[in-house]
Every structure is written in C-alpha cells, then in structure tokens.
There are 4 protein chains.
Amino acid sequence: MIKSSVIEETNETSIAALREDYDSLGQRLDRRGISIDAIKAQVSDYGVAVPSWGVGTGGTRFARFPGSGEPRHVFDKLDDCGVIHQLTGATPSVSLHIPWDKAPADDLNAKAEELGLFFDAMNSNTFQDQPDQPQSYKFGSLSNTRDETRTQAVEHNLECIEIGKAIGSKALTVWIGDGSNFPGQSNFTRQFERYLEAMKRIYQGLPEDWRIFSEHKMYEPAFYSTVVQDWGTNFMIAQELGPKAFCLVDLGHHAPNVNIEMIVARLIQFGKLGGFHFNDSKYGDDDLDTGSIDPYRLFLVFNELVDASHRKAPNFNPAHMLDQSHNVTDPIESLMVSAMEVQRAYAQALIVDRPALEAAQDGNDAMTATTLLKQAFRTDVEPILAMARLEKGSAIDPVSAFRKSGYRARVAAERPAVSGAGGGIV
Amino acid sequence: MIKSSVIEETNETSIAALREDYDSLGQRLDRRGISIDAIKAQVSDYGVAVPSWGVGTGGTRFARFPGSGEPRHVFDKLDDCGVIHQLTGATPSVSLHIPWDKAPADDLNAKAEELGLFFDAMNSNTFQDQPDQPQSYKFGSLSNTRDETRTQAVEHNLECIEIGKAIGSKALTVWIGDGSNFPGQSNFTRQFERYLEAMKRIYQGLPEDWRIFSEHKMYEPAFYSTVVQDWGTNFMIAQELGPKAFCLVDLGHHAPNVNIEMIVARLIQFGKLGGFHFNDSKYGDDDLDTGSIDPYRLFLVFNELVDASHRKAPNFNPAHMLDQSHNVTDPIESLMVSAMEVQRAYAQALIVDRPALEAAQDGNDAMTATTLLKQAFRTDVEPILAMARLEKGSAIDPVSAFRKSGYRARVAAERPAVSGAGGGIV
Amino acid sequence: MIKSSVIEETNETSIAALREDYDSLGQRLDRRGISIDAIKAQVSDYGVAVPSWGVGTGGTRFARFPGSGEPRHVFDKLDDCGVIHQLTGATPSVSLHIPWDKAPADDLNAKAEELGLFFDAMNSNTFQDQPDQPQSYKFGSLSNTRDETRTQAVEHNLECIEIGKAIGSKALTVWIGDGSNFPGQSNFTRQFERYLEAMKRIYQGLPEDWRIFSEHKMYEPAFYSTVVQDWGTNFMIAQELGPKAFCLVDLGHHAPNVNIEMIVARLIQFGKLGGFHFNDSKYGDDDLDTGSIDPYRLFLVFNELVDASHRKAPNFNPAHMLDQSHNVTDPIESLMVSAMEVQRAYAQALIVDRPALEAAQDGNDAMTATTLLKQAFRTDVEPILAMARLEKGSAIDPVSAFRKSGYRARVAAERPAVSGAGGGIV
Amino acid sequence: MIKSSVIEETNETSIAALREDYDSLGQRLDRRGISIDAIKAQVSDYGVAVPSWGVGTGGTRFARFPGSGEPRHVFDKLDDCGVIHQLTGATPSVSLHIPWDKAPADDLNAKAEELGLFFDAMNSNTFQDQPDQPQSYKFGSLSNTRDETRTQAVEHNLECIEIGKAIGSKALTVWIGDGSNFPGQSNFTRQFERYLEAMKRIYQGLPEDWRIFSEHKMYEPAFYSTVVQDWGTNFMIAQELGPKAFCLVDLGHHAPNVNIEMIVARLIQFGKLGGFHFNDSKYGDDDLDTGSIDPYRLFLVFNELVDASHRKAPNFNPAHMLDQSHNVTDPIESLMVSAMEVQRAYAQALIVDRPALEAAQDGNDAMTATTLLKQAFRTDVEPILAMARLEKGSAIDPVSAFRKSGYRARVAAERPAVSGAGGGIV
C-alpha cells in the first residue's frame, strides 16, 4: 500500500482544476439533459477485476524483459493489486491462476481483507506442464486422445473450484490451448466430442451458485486449428453444458476485421454472455493495454452492454476482467490506466442519448444515429472518472501518484531481480 | 448443345494416353489397397449444381466487361448450363435466381428435360430493388425496420417456393445483404429479432419435404455490420427455425485466416450443415474459380465431407453448388473447370487412408497424419475424372472440346452484344 | 447555395453555448500551455478536397440505391460541393473525374468562381470502358499486353492533364484497376515493366509545376493480384518516374491490420508522400465515412503529419482529399461530417505536447508517451471547429443547417429521379 | 549419422515400385516434351539450408514441450543436421545462430567436414538479452534510443561476421524485434534513422564477397509497430545500404491475404531479393512446416524463381533456408519433410510449359495460363525426388528410414532430458 498522504499531496495540486472541469462538463451534460452526478455514481460503482498474472512483466516466445520488483508469489501479486485498487478505486477484485497462486485459503483471505480486495473468477491452467505432472499436455488437455490426460485436466479444474470455494469465488474460467498444428493431426469432431465430455464432468462439479466460463480464441498456441476457435463453437459449448455455462469474450481472440461488438450483442440476446477479458490488439492476441489501439471499438462494446442493461436483457450479468501482457511498461501503471480506460468507455456509453438513438435507428437516419454515438465518445469524461476517484480517496492522477510514491523502488529492494531469457506465462 | 461428333473427335486424340495413365494410376492405387474403379464410380455419381447467374459475365462495383454471346434470359442460361453438363457430366442441376429467371414452369421443365438437367435450390433476391417494387431494400429486407418492407421480402421468398414447387426444387436458399454501414445505424438485437421473425414466416410456408438454407457472409454489401455475419449467427438461425433449416457455407464469406474446414466439421457435428457455395478467394468474397487460389483448402473441406460420410454422420446431406463471378474468362469454361476441381477434391479425399489416419490421430503422430492427407492430395487423379467423363460421353478435355465446338461464336451471333459500364448482379 | 439567413438562424440557437464551450476549452488548453486561438487559426486555414463523384450515391456490385436529387452532371455536382463548403468552410476545392466531368473549361471556371471553389487534382479513369472507346480495359489499361490499349490509356491521362491545365489544377492522380484474377494470368514482372513504361510517357507530359500521384490498392477490382498493390510498389514507381512523382495513400487500400500511420511516416521520410484519399474501413476498401470506424487511427495519421510539419520534413506537401462511397446517407451530409472529422483529427494532433512526447520517447517511457497522444485525442475540440466555422459565416452545426435549408428537396424537384439496379462508379 | 545399411534396407522394400513410378511419370512428361532426367538433375543439385535452432523443439509464449534427445549444443545440432542431409540429400548447409552456436572455428569446421556439411548465412541475435550483457534490448537494439545499446548490437553483428569468416560463411542475416507496443512509444522516423545508421556501420564491416540480408516482419515481438515491418521498408534499407545489401523474405512475415509471390517478383525485378526463410502459416508467423498449409502458394513462389532464372534476371541468386518451429513433431522429421516440400515445389515449377504460359499471358487467355500452372502443380513429382535421393545414397522414404534407424532413441540416451515450462528461442 501507499501512504495516503502521498495520494493527498498529489491530489492537492490538481484538485482546483478538477472541480472547474467537473463543473463545466456538468453544465455541458446538463444541456443534453444528463446529470453528471448520476453518471459519476454509476462509474464509481463499477469495478473490473485484475488478473494476478498481470502484475508481472509478460513476454513473447522470443524473450521476456523483466522489470524491477517483479512479484515472487501470490502475496506479492496481491500487494501490487492492492496498490492498483488504492489509487484507482476501480479494481476491487483479483482473479487467481492455479497452480501458480496456490496458497492456504486463510492466508489468501486475510491478505485480501487487509487490502480491501476480494476474489473473482478462478483460472485453471492446462496449457503448460508442471514439474512432476504425470501426463503431458503437449497434445492437448481436455480434448487429449488419452483418457488419463483428460482426467488429469478435469481434476485440475475441479481442484480450482475447491480452492475458489474457500476464498469466495463464484466462477471458473476455462481456457485451453488445445488444437493442432497440421491438417489431419486431429479429427475435429472426435476432438470436440472429447472436449465436451470432459467439460461436462467439470460442469457436474460446479456448485449451484457458480458459473463456468469457456473462452474462445482463434489461434495460439495451436497454429492450424483450435478446439474452441470462435464464439460459434463457444456458444455450442455453453448450450451443451447447461444454464450455468456461459461464453467469455477476450477482445483479442478474434479473426482480423471481425465485428466484436456484434458478437457481444448476439451472446447477450441468447443469454450466454459470461464476461470479458479486456485488452487491445492490432495483429493477433497482442494482449496490449485496453483501449490503447482502438478506443472506439471498446466504446462500441460498452454501448452494447449499456444498451442491454437499459432494456433489461435477461440472464445478463457479465464478469469484467483485464487480461493483458505488459512487456514494456510497469505492470501496475498499465493496469491502472487500463482500468480507467474501461471506466471511460462505460461512462461514454452511459451518456449516449438512447431514445434519440432508437428513433434514428427506426427511421434509418444513419447519420444521426452514428453522430449520437460519436458525440458521446468524444465527450471527455475524465473529470467524472477523476472526481469518482477523488471521492473514494483514490488519486486524481494515479500514475503520477504511483511514481511519486516510490512503491516500485521499495518492492524492488525487497524482491530479488529475475533473469528473463525465454518467454512464458507464469 | 454441342454435336457429339465434336466431342468424340477431340476425345479420339487423347484416348490412348488416358487409358495408359488410368492403368498406371490404377496400379499405384492398387499398391495402396485402393480400387481405382470404385473411386471412379463415386466420382461419376457426383454432381454439383450450376447457378443460373454464373453463365453471364460478372462484374465489380467499378465495371463489368461483358463477353460475347451473353445469355439474354433463363432459356439462354439453361442452354449454356446444358453445354457445361454435356461436356463434363458433372453438373446435372441448375439453381435459379428469382426474379431474373421467372418463366412459365412448363417451359422451364421442358427445356430442362431437353437438356438433361434438373432444378436445384431456389434463390431469392432481396438485395436489389426491382422496377415497380413498392418498398425499397436500401435499408434492409427481412430485417428492415418497416413492416411493409419485411412483408414484401417474406412474400417474395414464399413466391420463390411456389415457383420451385412447380419445377421440382426442394430447397430455398436465403441470402440477404442486410446490415449497416455505420456504428449505431442499426440496433443489432432488434434487427436480428426482426430477421428471425420474418424467417419464421417463410419457414412456415416451407413444404414438408423442403429445406431452407440460410447463408452467412462477413461483409458486403454492408460494410460495418451484417445481420447473418458468420456461422455462429447462422447456426442460431437454423436452431431457432427448426429441423428443416440448415446453414449454407460459401467458401468466400469468412474472415481472413479462418479455418473453414473446421466450421464445416462443427456444422456437421450438430446436424446443421445444409450445403455449399463453392468458389475461391484471396482477399474477400472474391468469387474466384473454385480451387484456383488454394486447392489444398478445398481438399480439406472435402476431407471433412468424406469423413462424415464414412462415419455416417446423422442429418448429413449437403447440397453442392458453384457460386462464382467470372470477370475475365468465358463463364462456360470457368464453370466446367470449377466443377472438375470440385470432383478432383472429392476424388482425392476418397483415397485418403482413413484407418491409418485415425490411428495416427489417436497416437498423436502429427507427421504421419498430415503426410497421409498430403499423399492423397498430391495424387494426380485427373485420369479418374477423365475416364468418368469419357464413359458418360463427355469430353476428356472439356475446355478443348468447347473451344473446338464453336459454341461461343454461334451464340454470339444469336445473342446481341451488351454494354458493360457499371457492375451488377443480374 | 443556401440562403445565408438559414445559416444565421440556425447558428443563433447555439451561439451562446458555443461561446461558453469555447471559453471553457480555452482555459483547459491554456493550463497545458496551448493557445486555443492559434489552434483555431490553423484549423480555419485547413481545407480538404471533395471528389466530384462523392456527391452522388455510391453502390456495390450488388446494387445501388439512389437518393433523391442525384446530380446529373458536373455542374450539379459543383452546386452540391458549393453547399458543402458553404456550410463547413472546410472544403474549398473539388477534384474532377474524367471523362464524367468533362465540360468547357470556361464554364467550369465560371461555376467554380461563383461557388467560391477551385479545382484540385485531376483523376483519370481507365478502369471502365466508355461507349465508343476503341480498346477495352477488360485485361488492363496502362499495363495491358497490347500496345494500342496502353497508348489509349496514356493518351487519356495526357488529356486529363490538358483539361486540368485549363482549370488551374496542378496534379494528376492515377489509379488503375489493372491486375489479374488467376495465378499465371499475368507475368508480374512484364506487366509492371509495361506499367512503368506507360507511366513514364505520362510523366513526360506533366507540366513543370505539376505533380503526379500514383495510388496503390491491395485488391479490387482485380482479385488475385494488382499491379500497384502496396506502398512498396508505389514507392518504386515514384522513384522510377522522378522528382514530380509521389505516392498517394488511400486509407482503405491496405491489407488487414497494417499500420498505416507508419507507411505515412516512411513515405514522408523518403520524400515521396503525395497525399491522401481519406475514408474509413472495417473490412476492405469499404469507402466508409472518414473517422466513422476507427477515429483514433485517423488521429495517428495526422499525428505523423503534424510531426513532419513540426520538424520541417523536406518535400512535404501532401494533398488532402476525401474519397468515400455514400450508400445509405445523404452524400452532402456525409461529406460535411467527414471534412469535419479530418479537421478534428488535425486539431487534436496540433495539441499534442511534442516536446514532452519526444522526451518520453527518448526515455522509453511508453506509458507517458502514449498517454500524451490519448490526452490530445480525447480532448473534445468541437468548439474550436465550430468557432472557426462561425467566424467564416459557415454553420455551427452544418447537418442541422442543411436539413433546415430544404436544399435536398429543392434539387430533387429539379433533378429527375434515377433508377438504381446495378452498382457502378460514374 | 545413420548406418548406411539401414538406409539400404529400407530402400530395398520400395525400389521396384519407385522405378516403375519413375518410368511411368517419365513417359507422361515425355508426352509434354519434358525430360524427366533433366528435371531430376536440377532437383538433385538443389539444396536448402537448415537453421541450427530448427533441430530443437520450439515453443510458444505459453509453453514449450520438449521432445526426447534435444540437442545440448551446436555439435549435437550439427549431428542432427547431418542426419537430415544424409537421409534427404537436400540440406547440405547449416545456418548458425550467435551467441548460442559459438564454438571454436576449427572444431566447427572439422565437425562439418565429417558430416559433409558447410555453413550458410550467419544469424545474429539482438532480440533477447544474454546474461552479463551490459545493455538491455528491452526497448530495441539497432534502433534503440541509447547509443551504447545500438553500438553493442552493431558490435555483436560484426562479431557474427568474424565468426562466419572463419567457417566459410558468406552472408549475414539481420532480423531484429525492434518496434513498439503503444502508439507514441517511438517516433517512427527517428527510430528508422537510428536503425539505418547502425546498419550502415555493420555494412561497412562486411567483407567484399559477403552479402547482408535484412528481414522484414509485420509484427511480433513488437505488437503495435515494427521497424522493418514489410518489404517496402526492407527495400528502402537495401537501397540505402548499397549493392551488397538484399532483402530476405520469410513466408510467414506478411499481413493477412498478401500476395507473397508478387513481392518476390518485385524484389527480383529491382535486383534486391536476397533469399528466403521457408515455412508455412495460417494466422501469423506460425512457423509451421513448409508447404503444410498452402502448398500451392509455395509452388507459386517457386514459379517466380524459375521464371526469373529462365529469363536470366540480373542480380538473382537467392539464398534458401528453412525457418520453422517444431512444436508437436520430431524436428528431424519435420525438417526432412520440409526440405522435400521445397524440392517438390521447385520440381513442379520446372515442368511448367513456359513458352505456352507466355503465349497465354500475352493473349490474355487467363484460363489456359492458370491451367498450365495447375497442371504442373498437380503432377506428382515424388518419383523424381525419390530417385534423386536414391542415386545419392539417401533414403527413398526418409521418415521411414529415420524411424527404423533408432537415431532418436540413441541420442535420447546420450542427451539428458530438459524441462519445458516457458517458451523461448535458443
């Protein structure tokens, strides 16, 4: 944690300007019939989960270039997550990754309570072999041709549920790297049958008040075919499994040019949207910072969410999580900025004039309809976000406050430096 | 039609070489435990439908450059289709497009009988306005915001069914261009609800022994969103409509890099593959000649079809049709060559050693598995196709026979030249 | 033209709010050390050319759905362009397309003067055959295998120069659709040699104070290969031709995922950026309204332009033009909004803190660098644009003023309705 | 090495069938006026280099799943390369990667001589930090903002040249991962200026009889921009550096849908094609086995090479190398099969009827032109390749012979097993 005095001092320098900007924005919104305080309240209530692995420096298959003060274990990671939430007030929960984050439940719960955090969805890992693991996932996990391997993967997921139950989680996210690298390597149909059979076993172990999220991805680590390759297959899975099964959408897991906001709309319409992994991408699953490449796309996704909420779509309760790889920035800074980008898109979507939009849509007035979205998008809602933070005791400018706090240097002194040759997700 | 003597004469020049090649290929296949005659019989029984619009020269939004002897009406088109089937023995059916191919049923039936053809799936058109049409499709047809427009589009489809019933068709293919060009122009959810409601009305008018095929397409003519944008949405439609509703896969209608053979496998697995529009593409919906850009991809699609047939997948009876735009070739030549490319992929898929493939897949021997596919693919099965043609009285080399026949010059004399400024699908 | 009283009346309703917003933005910018009036002056001086073909409704290969009051000839088109400039003050020039815009130079000059417009780059057309044209471009124009055809295309371009000289144009834009639809159809090398030889003949006819712009495009209307397929080939062309030859960048003419702003930077660095065709796209060359799909990308392009201007890059004087196809909106509205989107991106790029950006770049502080861009981008500069318009006698809200003016209904009464089956560029 | 008796014994089982197939193919080719022995001689003379890193199991950022008998150092790698060449007769050279393959030149030369191999292009590495390396490449190497880092990278490349001189290499391949992950992180222009300045220093150290190859790549490991992002930038580099500088084309380093064979043609035409990294891909830089995904594309590339050779293009002497990542197969098997796929594409390109093709191209007979290519492509040239191998004492079926030899089990016993968590290129 950071001393609250550091936050207060940095806030002090910009508080006057913020009040001015908030007022002036309030007047402009008022002219459009929007109460800035009502928007601020919704933004203030909004939270996005941080993935425990996000606070370490990421890497590629070519290399990993660690930063200083890399977290050594789940408690270091939680400390970093605590700072992110302290400064932004936007990330109250953490999503753990098993086996890397295994620790006694009591210790986890105590640490979380200390930091004002709670635990979001659990994440299993069957895309990497662990030392002493009897069966290898080289040729797949839940869809492997060998019974023993599938069973091992199922049991790992069931263990994740058990761990989650002890720390208050209510959801399991299943992403697998299963697929093939050569035409013919796998029989698509039999492979998917095996996957469904294994998932059904996991589903049977799911508590009544839990949800299971399957996550699709076009490719990587498999490069010719992937078992859960797109939202179509993901939807089939959720249907086959039952009412507690939902689809998770990672913004970077689609084919080039695909209209992602439309996929979101379809999954909402059929009651199967489970949640998001937010990030941004230009080429593939780049895992870049949310909103850093195409902020309008992020806004359009939130436009669907606010629209669904507006018309009270049934079965609509998506989980929100960041999922990024921070290769060239301080992960704490990236996660703070990304959490605020998600809030920004949400705030912008909230100020869309929905009755006017609906009228323009019904009248096929494409120019008016799209202008209504653009007007909301180009509204600089930063004062709303900053005021929500200020009122929570968080930072008006979290990155500045973080830099002034000396946190990174402090943990760098405590946590030994690590070497980085070779990529890897840990 | 072409005089059979022309075919016989051109066949004469290559018959000896063909017999030699057929025998030598027969021996090579025999070594692999495959009977060449059995493969030939299956190829000989195989047919792919020709779309009536395919015999005219296509175009782009920039221009259309007509060839000589462009068909003036459905009877000219049928004549051209008759020649294609006469020379290849591979295209026994024709798929009509309404309103352009409207004509008295008796006349159509008589003409088809004369040419040895029958009628395949009917195709409706609601992507273009016709003169005197009360409602415009500028802003959509089956998903239009206006009731009158949706009803007009439904009635047009019902009319297509009526026409089809009179000429022996058993299926209706529905492709619409509905979508939007701007974020916000359409509400994705309400638009899709309207579409589903309209399709249900059409479905209700479908005779018991008919099938309805919905066709997805990523984009074009709408450039921001498309109502039936991918196979996921298409699958939802087929599920919503009922057991007579199936998904049609056009090979050129997917996002870049997408694994199409896997989509085919998924639709088969869930009993919803309706059929194909065959063509090839490099960039978008290029409508290039089947197999001209990526012949291995075509083979991999047929590998799924033969595999499904092999394991007797339920509800598996896909329709096969060509759907191409011929901008720089003689359409008759392109359709003949494309029909043969489809046959080629089918023949190659038939000679895959499936028990060995299954064993390699089960043992995760990716190299053996993929080599089995490549060995089948690189087998030059042309002698099988040519022998199947010869035995039907078709041409060993259909393009040569067509060029020698003088057919194009003959119809050019009968059919007036047309001008070409402006693209267009007619 | 529209009565100035209409503009004044609509301005009247929002002038007070505008002054308030302008002042409050001025204060916020002032805090960052930026003079809002200086930015406004630069925006006010900025202009983007309108293409004469843009004022008609566009179409696709499937259909064209004309609006009311479609322009019948170049003088109607100029009238529409006049309105666009009158209301936005942002489009002082028009780019003509030959042969469609052929007319006596005196008449063109008189009309332009009357409307306060001038003529920008000339555009030749060799992608479509004209009636009575001796040679067809079906198999290419400047790269055709036949001498006569290439010569015809060269002469057409020389004629465009002659026309342009008479109306004050100083540049020729050459875009051709030449390419191939099948592997093997064209020999890439010989085809490009023919193209270069033909372009050299055009170059020789270029007046000393003119520039020639070659335009690359990945695909369409050719679907396997295109002669000027990307900026690499385009750069080779500009190098081969000489110092008056430059590359034109159309934002929609690139492969999926390509970093366009980087291409812009490279062409500037090597002194060969000729100009832009602005539009937006999601899938291919969608020709959607500028900034409608990915406004941040547009900003990043302008960030390169302002950066180049800032460091006084040599040979840097790009032409700016819109090039869009308006299928579902009123073309006048789309062109007005698009011109303002271009201005918006320019204004946002102008307020980037370049010394701070350079420092962050030199220090590899990626987070600060990217945040500086995002801060500029999310600044709502609309009051600057609107104030610039107001001060010119243009409209604070051009679309509202246009709708109130009744212009479209007026010209619809004068110009007969046209039918729309079939796509086409005219 | 493998005992020659193993090869002889496995050959014995298929030698009769091979002679039969060779004769029958010879007759078919003879009918087309082609001498099978002449083709065989060209295939036999052809060789493709193996990268030293290719014989180890690859990985992704998610995981690496090593196989048994992984090579421990350059001499193990050379042993494996020796086996590949022994069995295929197609890979006489090895391309080393520094620093991993550093060893005394005398030892390298002795080992290579023992195995009948020689050394191809040297590969530097500045995309990963080595232990004790003073400057980090986290923010780039040859284009880094810091002088010290650029100089370190330059000196590493100069050292690669020195190592190469001692072992008979004649070329340096430079691939860097430099780029950025955020808009604004790097100034494209200054970054490229730094890169060019550094490359010029390397170029100055290049011996007279050496060539330097720069390699472009669209993305990865940088995910927003890459310094040498495409062939356009690569061409600029080769031009700036001088006559010993050439562009290297890796088949997997392009944007989706790009026409790679055309890029090859352009680089040949302007005398700047340096060579290839062969592999195949479906999505990004998948580094899949050559020809495994789109064998026709590989053929079309070779069609350009044979065409260039045919017309004696100046400055045309490309280097040929495999560059793949073998994640699920035995690397030795993959490299053998890939080397043969390259030979296959070469052999198929050699039998294209070039005079007929040229005539069809000149006459715009697209159907005949493309059919000529397809006929060559679908010719099963395996008997030619196998006969060339047999006559060299290599294996008719290298994979079978390798499996029978027990080589993998033997080296697995000698080389300790390694663990695999974490990806990485070593």
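Residues numbered from 1 in each chain as written. Chains lettered and ligands numbered in written order. Predicted model: local features only at pLDDT ≥ 70, side-chain atom pairs only at ≥ 80, totals over all residues. Heavy atoms only, no water.

The name recorded for chain A in an unreviewed UniProt entry is L-rhamnose catabolism isomerase, from Hoeflea ulvae.

Trainee: Tell me about the overall build of chain A, and please be specific about residues and values.
Mentor: Helices and strands together make up the secondary structure of chain A, namely 15 helices and 11 strands. In terms of its C-alpha atoms, chain A occupies a principal-axis envelope of roughly 65 × 60 × 40 Å. The buried share of chain A, taken over its 426 residues, is 72%. In chain A, once contacts between residues fewer than 6 apart in sequence are set aside, the share between residues at least 24 apart is 79%. Placing the 41 positive and 58 negative side-chain charges of chain A at their respective mean positions leaves the two points 2 Å apart. (Helix = DSSP H or I, 4+ residues; strand = E, 2+ residues; numbered from the N terminus. Buried < 20%, exposed > 50% of the residue type's maximum accessible area, 1.4 Å probe, protein only. Contact = heavy atoms within 4.5 Å. Lys, Arg positive; Asp, Glu negative; His and termini not counted. Charge placed at Lys NZ, Arg CZ, Asp CG, Glu CD.)

Trainee: Pulling in residues and values, what's your account of the pairing of strand 7 (residues 211-215) of chain C?
Mentor: All names here are of chain C. Most of strand 7 sits out of view: four of its five residues are buried. Direction of pairing for strand 5 (residues 171-174) relative to strand 7: parallel, over a ladder of four bridges. What sits directly across from Val 174, in strand 7, is Ser 214. Across four bridges, the pairing between strand 7 and strand 9 (residues 245-250) is parallel. For Glu 215, the partnering residue across the bridge sits in strand 9 and is Leu 248. (Pairing = 2+ DSSP bridges.)

Trainee: Help me get a handle on the sheet that holds strand 2 (residues 93-95) of chain B, residues and values and all.
Mentor: Sheet strands line up and pair through hydrogen bonds in the backbone, either parallel or antiparallel. Residues and elements named next belong to chain B. Pairing in this open sheet of three strands is parallel, and the strands run 1-2-3 from one edge to the other. With one partner strand each, in any of the chains shown, strand 1 (50-51) and strand 3 (118-119) form the two edges of the open sheet. Looking at chain direction, strand 1 and strand 2 are connected through two bridges and run parallel. When the sheet's bridge partners are listed, Pro 51 is paired in strand 2 with Ser 95.

Trainee: Lay out the packing of aromatic side chains with the relevant residues and their values.
Mentor: Under the criterion given, the structure shown has 78 aromatic pairs over all chains. Seen in terms of ring centroids, B:Phe278 and B:Phe302 are 5.5 Å apart; in terms of plane orientation they differ by 20°. Their pairing is stacked. Of the two residues, B:Phe278 is situated in strand 10 (residues 273-278) and B:Phe302 in helix 10 (residues 295-310); the sequence distance between them amounts to 24 residues. Note on B:Phe278: relative accessible area 0%, which makes it buried. Residues B:Phe402 and B:Tyr407 carry aromatic rings whose centres are separated by 6.1 Å and whose planes lie at 50° to one another, so their mutual orientation is tilted. Of the two residues, B:Phe402 and B:Tyr407, both sit in the buried class. An aromatic cluster is present here, built from A:Tyr296, A:Phe299, A:Phe377, C:Tyr296, C:Phe299 and C:Phe377 joined pairwise through their rings. Across the ring face of A:Phe246, the terminal group of A:Lys272 is positioned such that the distance to the ring centre comes to 5.4 Å. A cation sits over an aromatic face here: C:Lys244 above C:Tyr203, 5.2 Å from the ring centre. (Phe/Tyr/Trp six-rings, centres within 6.5 Å; stacked < 30°, edge-to-face > 60°. Lys NZ or Arg CZ within 6 Å of the ring centre and 35° of its normal.)

Trainee: I'd like to hear about the environment of B:Lys111, residue by residue, with values.
Mentor: Residues and elements named next belong to chain B. Tracing the backbone shows Lys 111 in helix 5 (residues 105-115). By relative accessible area, Lys 111 is classed as buried at 13%. For the pair Lys 111 and Lys 282, spaced 171 residues apart in the sequence, the C-alpha separation amounts to 37 Å. Every residue in contact with Lys 111, bar those within four places of it in the chain, is listed here: Phe 75, Leu 78 and Asp 79.

Trainee: So what about the sheet that holds strand 9 (residues 245-250) of chain A? Which residues, and what values?
Mentor: All names here are of chain A. Read across the sheet, six strands follow the order 4-5-7-9-10-11 without closing on themselves; strand pairing throughout is parallel. Edge positions in the sheet fall to strand 4 (122-123) and strand 11 (319-322), since each of these pairs with one other strand and no more. Note: strand 9 against strand 10 (residues 273-278), four bridges, orientation parallel. Bridge assignment links Cys 247 to a residue of strand 10, and that residue is Leu 273.

Trainee: Requested: an account of the pattern of salt bridges, with residues and values cited.
Mentor: For the structure shown, the criterion picks out 152 salt bridges over all chains. A salt bridge links D:Asp37 to D:Lys40, with the nearest nitrogen and oxygen atoms 3.7 Å apart. Residue D:Asp37 and its partner D:Lys40 are both found in helix 2 (residues 36-45); the two are separated by three residues, about one turn of the helix. What makes D:Lys40 buried here is its relative accessible area of 11%. Among the ionic pairs, D:Asp76 bridges to D:Arg415, the shortest N-O distance being 3.3 Å. Pair noted here: D:Asp76 is in helix 3 (residues 74-88) and D:Arg415 is in the segment after helix 15 (407-414), with a separation of 339 residues, a long-range link. Here the salt bridges share partners, and the residues they tie into one network are A:Glu341, A:Arg344, A:Asp380, A:Glu382, A:Arg389, C:Lys374 and C:Arg378. (Salt bridge = Lys/Arg side-chain N within 4 Å of Asp/Glu carboxyl O.)

Trainee: Could you give an account of the relation of the copies chain A and chain B, with specific residues and numbers?
Mentor: If you rotate chain A by 180° and push it 0.0 Å along the axis, it lands on chain B with an RMSD of 0.0 Å. Given the turn and translation reported, the copies of this chain are related as if by a two-fold rotation axis. Of the C-alpha atoms belonging to chain A, the one lying closest to the rotation axis is found on A:Gly232, 2.0 Å away. A share of 100% of the interface residues of chain A reappears at the interface of chain B, consistent with the copies meeting face to face through the same patch. (Least-squares fit on C-alpha atoms with pLDDT ≥ 70 in both.)

Trainee: Now, about the interface of chain B and chain D: what can you tell me, with residues and values included?
Mentor: Accessible area lost during the coming together of the parts is what is often quoted as the interface size. Listed per partner, the contact involves 38 residues of chain B and 38 residues of chain D. Overall, the association of chain B and chain D removes approximately 3200 Å² of surface from exposure, summing both partners, and the carbon and sulfur fraction of that is 45%. By the criterion of area lost to chain D, the three top residues of chain B are B:Asn257, B:Met367 and B:Arg378, representing 22% of everything that side buries. Our count for the contact surface shared by chain B and chain D stands at 10 salt bridges. A salt bridge links D:Glu382 to B:Arg378; the nearest nitrogen and oxygen atoms lie 3.6 Å apart. Inspection of the chain B/chain D interface yields 13 residue pairs in polar contact (both at pLDDT 80 or more). If you list the elements that add at least two residues to the side of chain B that touches chain D, you get helix 2 (15-31), helix 10, helix 11 (331-350) and helix 13 (366-378) of chain B. When grouped by side-chain class, the residues that make up the side of chain B that touches chain D number 12 nonpolar, 10 polar and 16 charged. (Buried area = accessible area lost by both parts, 1.4 Å probe. Polar contact = N/O pair within 3.5 Å; in protein donor to acceptor, adjacent residues only side chain to side chain. Nonpolar A, V, L, I, M, F, W, Y, C, P; charged D, E, K, R; others polar.)

Trainee: Explain the UniProt feature "domain: Xylose isomerase-like TIM barrel" (unreviewed entry) in chain A to me, using residue names and the numbers behind them.
Mentor: When the UniProt feature table is mapped to this numbering, "domain: Xylose isomerase-like TIM barrel" (unreviewed entry) covers residues 96-287 of chain A. The distance from the first to the last C-alpha atom of residues 96-287 of chain A is 18 Å, and the span holds 36% helix and 15% strand. (UniProt positions renumbered as here; feature names shortened; annotations may be inferred.)

Trainee: Can you tell me about helix 8 (residues 260-269) of chain C, naming the residues and giving the values?
Mentor: All names here are of chain C. Of all 10 residues in helix 8, nine are buried; the element is thus mostly enclosed. When helix 8 is considered as a whole, its buried residues turn out to be Ile 260, Glu 261, Met 262, Ile 263, Val 264, Ala 265, Arg 266, Leu 267 and Ile 268. For helix 8, the capping residue at the N-terminal end is Asn 259, with a side-chain oxygen 3.4 Å from the backbone nitrogen of Glu 261. Phi turns positive, to about 70°, at Gly 271, one or two residues after helix 8.

Trainee: Which residues make up the relation of the copies chain B and chain D, and what are the values?
Mentor: Note that the two copies of the chain are related through a rotation about an axis and a translation along the same axis. After a rotation of 180° and a shift along the axis of 0.0 Å, chain B superposes on chain D with an RMSD of 0.0 Å. When you check the interface residues of chain B against chain D, 100% turn up at the interface there too, and the contact is symmetric in its surfaces.

Trainee: Talk me through the packing of helix 2 (residues 36-45) of chain C against helix 10 (residues 331-350) of chain C; I want residue IDs and the actual numbers.
Mentor: Residues and elements named next belong to chain C. In the contact formed by helix 2 and helix 10, the axes pass within 10 Å of each other and the chain directions differ by 145°. The two elements helix 2 and helix 10 meet at a crossing, and its hand is right-handed. Along its contact with helix 2, which presents Ile 39, Gln 42 and Val 43, the element helix 10 presents Gln 343, Tyr 346, Ala 347 and Leu 350. Its residues assigned to classes, the contact of helix 2 with helix 10 comprises five nonpolar, two polar and no charged. (Axes fitted to C-alpha atoms, helices over the stretch in contact; angles between N-to-C directions. Left-handed = near helix turned anticlockwise from the far one by under 90°.)

Trainee: If you had to explain the packing of helix 3 (residues 74-88) of chain A against helix 10 (residues 331-350) of chain A to someone new, which residues and values would you point to?
Mentor: Residue and element names in this part refer to chain A. For the pair helix 3 and helix 10, interaxial distance at closest approach is 10 Å and the crossing angle is 40°. The pairing of helix 3 with helix 10 is recorded here as oblique in orientation. Judged by the twist between their axes, the crossing of helix 3 over helix 10 is right-handed. For the pair helix 3 and helix 10, the contacting residues are Asp 80, Val 83, Ile 84, Leu 87 and Thr 88 in the first and Ile 332, Leu 335, Met 336 and Met 340 in the second. In terms of residue class, the contact of helix 3 with helix 10 is built from seven nonpolar, one polar and one charged. (Parallel < 35°, antiparallel > 145°, perpendicular 65-115°, else oblique.)

Trainee: Which residues make up the side chain of A:Asp294, and what are the values?
Mentor: Mapping A:Asp294 onto the fold places it in the loop between strand 10 and helix 9 (295-310). The class of A:Asp294 is buried, set by a relative accessible area of 12%. Each residue touching A:Asp294, except ones within four places of it in the same chain, is listed here: A:Asp280 and C:Asp294.

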